[in-house]
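# Survey of secondary and tertiary structure
These are the residues of each chain, in order.
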Amino acid sequence: MSHPDPRLGAAFGAALQPGTTPVVLAIDLMRAYFDADSPLCLPDDACLHSAGRVVEAARAAGVPVIHTRVSFGPGGLDGGVFFRKVPALASLVGDGPMGELMEPVAPRADEVVVVKQYASAFFGTTLAPTLQAMGVDTVVIVGVSTSGCVRASAVDAIQHGFVPLVVADAVGDRDPGPHEANLFDLAAKYAEVVDEASALTYLQEQR
(Lines give C-alpha, C1' and ligand atoms only; values in the text may rest on other atoms or scores of the structure.)
Protein backbone atom coordinates (compact mmCIF):
# COMPACT_ATOMS: atom_id res chain seq x y z
CA MET A 1 0.00 0.00 0.00
CA SER A 2 2.79 2.43 0.83
CA HIS A 3 5.73 3.37 -1.36
CA PRO A 4 9.17 2.68 0.18
CA ASP A 5 11.03 5.87 1.02
CA PRO A 6 14.33 5.85 -0.91
CA ARG A 7 16.01 7.41 2.13
CA LEU A 8 15.55 4.13 4.02
CA GLY A 9 17.74 2.05 1.74
CA ALA A 10 17.41 -1.71 1.52
CA ALA A 11 17.88 -2.36 5.23
CA PHE A 12 14.61 -0.78 6.41
CA GLY A 13 11.04 -0.22 5.32
CA ALA A 14 10.05 -3.54 3.78
CA ALA A 15 6.36 -3.57 2.86
CA LEU A 16 3.88 -5.24 5.20
CA GLN A 17 0.83 -6.70 3.50
CA PRO A 18 -2.38 -5.69 5.31
CA GLY A 19 -4.78 -8.50 6.09
CA THR A 20 -8.47 -9.05 5.52
CA THR A 21 -9.75 -8.56 9.07
CA PRO A 22 -8.95 -4.98 10.05
CA VAL A 23 -10.08 -2.72 12.83
CA VAL A 24 -9.81 1.07 12.98
CA LEU A 25 -8.20 2.29 16.19
CA ALA A 26 -9.05 5.94 16.91
CA ILE A 27 -6.55 7.11 19.50
CA ASP A 28 -7.36 9.86 22.01
CA LEU A 29 -9.32 12.19 19.73
CA MET A 30 -10.45 14.12 22.79
CA ARG A 31 -11.42 17.72 23.32
CA ALA A 32 -8.10 18.25 25.12
CA TYR A 33 -6.30 18.23 21.78
CA PHE A 34 -8.68 20.59 19.97
CA ASP A 35 -9.77 23.15 22.57
CA ALA A 36 -7.76 26.38 22.60
CA ASP A 37 -8.00 26.50 26.39
CA SER A 38 -6.20 23.17 26.75
CA PRO A 39 -2.41 22.95 27.25
CA LEU A 40 -2.47 19.93 24.92
CA CYS A 41 -4.20 21.74 22.03
CA LEU A 42 -2.80 21.04 18.55
CA PRO A 43 -2.15 23.76 15.96
CA ASP A 44 -5.13 22.70 13.82
CA ASP A 45 -7.84 20.06 13.53
CA ALA A 46 -7.13 18.69 10.04
CA CYS A 47 -6.21 15.26 11.41
CA LEU A 48 -9.53 15.07 13.28
CA HIS A 49 -11.56 15.52 10.11
CA SER A 50 -9.41 13.03 8.21
CA ALA A 51 -9.88 10.56 11.06
CA GLY A 52 -13.63 11.16 10.87
CA ARG A 53 -13.66 10.18 7.22
CA VAL A 54 -11.67 7.02 7.95
CA VAL A 55 -14.06 6.08 10.77
CA GLU A 56 -17.10 6.62 8.56
CA ALA A 57 -15.56 4.50 5.78
CA ALA A 58 -14.92 1.72 8.27
CA ARG A 59 -18.50 1.82 9.51
CA ALA A 60 -19.84 1.77 5.95
CA ALA A 61 -17.74 -1.31 5.19
CA GLY A 62 -18.67 -3.12 8.40
CA VAL A 63 -15.14 -2.77 9.80
CA PRO A 64 -15.10 -2.43 13.61
CA VAL A 65 -13.97 0.84 15.20
CA ILE A 66 -12.34 0.96 18.62
CA HIS A 67 -11.70 4.26 20.42
CA THR A 68 -9.33 5.19 23.22
CA ARG A 69 -9.38 8.05 25.65
CA VAL A 70 -7.31 9.01 28.68
CA SER A 71 -8.70 9.35 32.19
CA PHE A 72 -6.84 9.42 35.48
CA GLY A 73 -8.06 8.78 38.99
CA PRO A 74 -7.75 11.28 41.86
CA GLY A 75 -4.34 12.92 41.91
CA GLY A 76 -3.25 10.98 38.84
CA LEU A 77 -1.84 8.17 40.96
CA ASP A 78 -2.70 5.62 38.28
CA GLY A 79 -0.57 7.65 35.85
CA GLY A 80 2.55 7.12 37.92
CA VAL A 81 5.76 8.82 36.83
CA PHE A 82 4.26 9.64 33.41
CA PHE A 83 1.67 11.87 35.08
CA ARG A 84 4.43 13.71 36.93
CA LYS A 85 6.49 14.11 33.75
CA VAL A 86 3.66 15.76 31.76
CA PRO A 87 1.83 18.34 33.92
CA ALA A 88 -0.73 18.95 31.14
CA LEU A 89 -2.22 15.53 31.91
CA ALA A 90 -3.80 17.03 35.02
CA SER A 91 -6.62 18.24 32.74
CA LEU A 92 -7.58 14.59 32.20
CA VAL A 93 -8.21 13.66 35.85
CA GLY A 94 -11.73 12.30 36.18
CA ASP A 95 -14.32 12.48 33.44
CA GLY A 96 -14.29 16.21 32.68
CA PRO A 97 -14.98 17.91 29.36
CA MET A 98 -11.38 17.67 28.11
CA GLY A 99 -11.70 13.89 28.01
CA GLU A 100 -14.75 13.91 25.72
CA LEU A 101 -14.28 12.31 22.31
CA MET A 102 -14.86 14.77 19.47
CA GLU A 103 -17.99 14.77 17.34
CA PRO A 104 -16.42 13.72 13.98
CA VAL A 105 -15.34 10.44 15.59
CA ALA A 106 -17.82 10.15 18.45
CA PRO A 107 -18.28 6.45 19.28
CA ARG A 108 -21.52 4.70 18.49
CA ALA A 109 -23.26 2.69 21.19
CA ASP A 110 -21.90 -0.58 19.78
CA GLU A 111 -18.25 0.55 19.63
CA VAL A 112 -15.67 -0.24 22.31
CA VAL A 113 -14.00 2.65 24.15
CA VAL A 114 -10.74 1.71 25.87
CA VAL A 115 -9.76 3.93 28.80
CA LYS A 116 -6.01 4.20 29.27
CA GLN A 117 -3.47 6.03 31.40
CA TYR A 118 -0.28 5.64 29.38
CA ALA A 119 0.81 6.31 25.81
CA SER A 120 0.17 2.93 24.23
CA ALA A 121 -3.42 1.82 23.71
CA PHE A 122 -2.19 -1.69 24.57
CA PHE A 123 -0.35 -0.98 27.82
CA GLY A 124 -2.37 -1.98 30.88
CA THR A 125 -5.59 -2.42 28.86
CA THR A 126 -7.64 -5.26 27.40
CA LEU A 127 -7.06 -4.13 23.80
CA ALA A 128 -4.79 -6.98 22.68
CA PRO A 129 -7.03 -9.84 23.85
CA THR A 130 -10.07 -7.99 22.47
CA LEU A 131 -8.46 -7.80 19.02
CA GLN A 132 -7.33 -11.41 19.22
CA ALA A 133 -10.83 -12.55 20.12
CA MET A 134 -12.16 -10.63 17.13
CA GLY A 135 -9.70 -12.34 14.80
CA VAL A 136 -8.15 -9.01 13.80
CA ASP A 137 -4.97 -9.06 11.73
CA THR A 138 -4.58 -5.37 10.82
CA VAL A 139 -4.92 -2.20 12.90
CA VAL A 140 -5.65 1.03 11.00
CA ILE A 141 -4.44 3.80 13.30
CA VAL A 142 -5.76 7.36 13.42
CA GLY A 143 -5.51 9.90 16.23
CA VAL A 144 -3.04 11.83 18.33
CA SER A 145 -0.31 12.46 18.91
CA THR A 146 1.99 11.08 16.23
CA SER A 147 5.11 11.13 18.40
CA GLY A 148 3.33 9.90 21.51
CA CYS A 149 0.29 7.68 21.73
CA VAL A 150 0.14 6.90 17.99
CA ARG A 151 3.75 5.80 17.83
CA ALA A 152 3.57 3.82 21.08
CA SER A 153 0.39 2.06 19.95
CA ALA A 154 1.81 1.22 16.52
CA VAL A 155 4.93 -0.27 18.07
CA ASP A 156 2.85 -2.35 20.47
CA ALA A 157 0.53 -3.42 17.65
CA ILE A 158 3.37 -4.98 15.67
CA GLN A 159 4.78 -6.52 18.86
CA HIS A 160 1.40 -8.22 19.39
CA GLY A 161 1.42 -9.58 15.86
CA PHE A 162 -0.91 -7.10 14.14
CA VAL A 163 -0.03 -5.19 10.96
CA PRO A 164 -0.23 -1.47 11.83
CA LEU A 165 -1.39 0.97 9.14
CA VAL A 166 -0.80 4.54 10.30
CA VAL A 167 -2.89 7.01 8.31
CA ALA A 168 -0.58 10.02 7.90
CA ASP A 169 -3.35 12.54 7.20
CA ALA A 170 -5.39 11.32 10.17
CA VAL A 171 -2.71 11.66 12.85
CA GLY A 172 -1.38 14.90 14.26
CA ASP A 173 1.17 16.42 16.60
CA ARG A 174 2.03 19.69 18.31
CA ASP A 175 4.64 20.54 15.67
CA PRO A 176 5.51 19.37 12.13
CA GLY A 177 8.98 18.28 13.25
CA PRO A 178 8.04 15.41 15.57
CA HIS A 179 5.11 14.54 13.32
CA GLU A 180 7.22 14.01 10.21
CA ALA A 181 10.16 12.45 12.05
CA ASN A 182 7.97 9.86 13.72
CA LEU A 183 6.12 8.98 10.52
CA PHE A 184 9.50 8.44 8.87
CA ASP A 185 10.67 6.18 11.70
CA LEU A 186 7.39 4.26 11.89
CA ALA A 187 7.61 3.54 8.16
CA ALA A 188 11.18 2.38 8.57
CA LYS A 189 10.66 -0.10 11.38
CA TYR A 190 7.19 -0.57 12.79
CA ALA A 191 4.27 0.15 10.44
CA GLU A 192 2.93 0.89 7.02
CA VAL A 193 2.36 4.63 6.71
CA VAL A 194 -0.40 5.38 4.21
CA ASP A 195 -2.33 8.44 3.09
CA GLU A 196 -6.05 8.89 3.68
CA ALA A 197 -7.03 7.91 0.14
CA SER A 198 -5.18 4.59 0.40
CA ALA A 199 -6.76 3.88 3.78
CA LEU A 200 -10.25 4.60 2.45
CA THR A 201 -9.69 2.33 -0.54
CA TYR A 202 -8.45 -0.46 1.71
CA LEU A 203 -11.47 -0.18 4.00
CA GLN A 204 -13.91 -0.05 1.10
CA GLU A 205 -12.42 -3.28 -0.22
CA GLN A 206 -13.51 -5.03 2.98
CA ARG A 207 -17.22 -4.77 2.12
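Details of the structure are given in the entry above.
In short, a report on the structure. (Residues numbered from 1 in each chain as written. Predicted model: local features only at pLDDT ≥ 70, side-chain atom pairs only at ≥ 80, totals over all residues. Heavy atoms only, no water.)

### Looking at the nonpolar core
One finds Val24, Leu29, Phe34, Leu92, Val142 and Leu203 to be the most contacted residues of the largest nonpolar core, which totals 41 residues. Every element with two or more residues in this core is listed here: strand S1 (22–27), helix H1 (46–61), strand S2 (65–70), strand S4 (138–144), strand S5 (163–172) and helix H6 (196–204). Here this core takes eight residues from H1, the largest share from any one element. For Leu29, the contacting residues outside a window of four places in its chain are Phe34, Leu48, Ala51, Thr68, Glu100, Leu101, Met102, Val105, Val142, Gly143 and Val144. One finds Phe122, Ala128, Val171 and Val193 within the second-largest nonpolar core, a separate group that totals 24 residues. (Core = buried A, V, L, I, M, F, W, Y, C linked by side-chain atoms within 4.5 Å. Buried < 20%, exposed > 50% of the residue type's maximum accessible area, 1.4 Å probe, protein only. Helix = DSSP H or I, 4+ residues; strand = E, 2+ residues; numbered from the N terminus. Contact = heavy atoms within 4.5 Å.)

### With respect to the pattern of salt bridges
Using the criterion set out here, one finds eleven salt bridges in the structure. Lys116 is the salt-bridge partner of Asp28, the closest N and O atoms lying 2.8 Å from each other. Residue Asp28 is located in the loop between S1 and H1, and its partner Lys116 is located in strand S3 (residues 112–116); the two are separated by 88 residues in the primary sequence. Lys116 shares its class with Asp28; the two are buried. Among the salt bridges present, the one from Lys189 reaches Asp185, with a minimum N-O distance of 3.3 Å. Of the two residues, Lys189 and Asp185 are both situated in helix H5 (residues 176–189); the distance of four residues between them amounts to about one turn of the helix. Connected through salt bridges with shared partners, the residues Glu56, Arg59, Arg108, Asp110 and Glu111 form a single ionic network. (Salt bridge = Lys/Arg side-chain N within 4 Å of Asp/Glu carboxyl O.)

### Considerations on the pairing of S5
Taking burial as the measure, the ten residues of S5 include eight buried ones, the bulk of the element. In the sheet, S4 pairs with S5 via six bridges, with the strands oriented parallel. Looking at the pairing, Ile141 lines up with Val166 of S5. Tracing the backbone out of S4, into helix H4 (residues 146–159) and back to the parallel element S5 gives a crossover that is right-handed. Pairing geometry for S5 and strand S6 (residues 192–194), over three bridges, is parallel. Within S6, the position partnered with Val167 by the bridge is Val194. (Pairing = 2+ DSSP bridges. Right-handed = clockwise from strand over helix to strand, strands pointing away.)

### So, the pairing of S2
Across the six residues that make up S2, a large majority, six, are buried. On S2, burial covers both faces: Val65, His67 and Arg69 on one face and Ile66, Thr68 and Val70 on the other are all buried. Bridge count between S1 and S2: four bridges; the pairing is parallel. Residue Ala26 lies in a different strand from S2, and its bridge partner there is His67.

### Here's the deal with the sheet that holds S1
Strand order across the open sheet formed by six strands is S3-S2-S1-S4-S5-S6, with parallel pairing between neighbours. Strands with a single pairing partner mark the edges of an open sheet, and in this sheet they are S3 and S6. The average angle at which neighbouring strand axes cross in this sheet is 25 degrees, direction not considered. With six bridges joining them, S1 and S4 adopt parallel strand pairing. (Axes fitted to C-alpha atoms, helices over the stretch in contact; angles between N-to-C directions.)

### What to know about the packing of H4 against H5
How two helices sit against one another is set out by the angle between their axes and by the gap between those axes. Interhelical geometry of H4 versus H5 gives an angle of 10 degrees and a closest axis separation of 10 Å. Accordingly, the angle class assigned to the pair H4 and H5 is roughly parallel. Contact with H4, carried on its side by Thr146, Ser147, Arg151, Ala154 and Ile158, involves Pro178, His179, Asn182, Leu183, Asp185, Leu186 and Lys189 of H5 and no other residues of that element. Its residues assigned to classes, the contact of H4 with H5 shows five nonpolar, four polar and three charged. (Parallel < 35°, antiparallel > 145°, perpendicular 65-115°, else oblique. Nonpolar A, V, L, I, M, F, W, Y, C, P; charged D, E, K, R; others polar.)

### Looking at H5
Residues separated by three or four positions in an α-helix point in the same direction, a consequence of the helix having 3.6 residues per turn. Taking 1.5 Å of rise per residue, the 14 residues of H5 would be expected to cover 20 Å, and the 20 Å separating its terminal C-alpha atoms lies within 8% of that figure. Here H5 has its buried residues at Pro178, His179, Asn182, Leu183, Asp185, Leu186 and Ala188. Check the buried side of H5 and you find it contacts H4, S5 and S6. (Expected span 1.5 Å × (residues − 1).)

Scope: geometric values only; no functional claims are made or implied.
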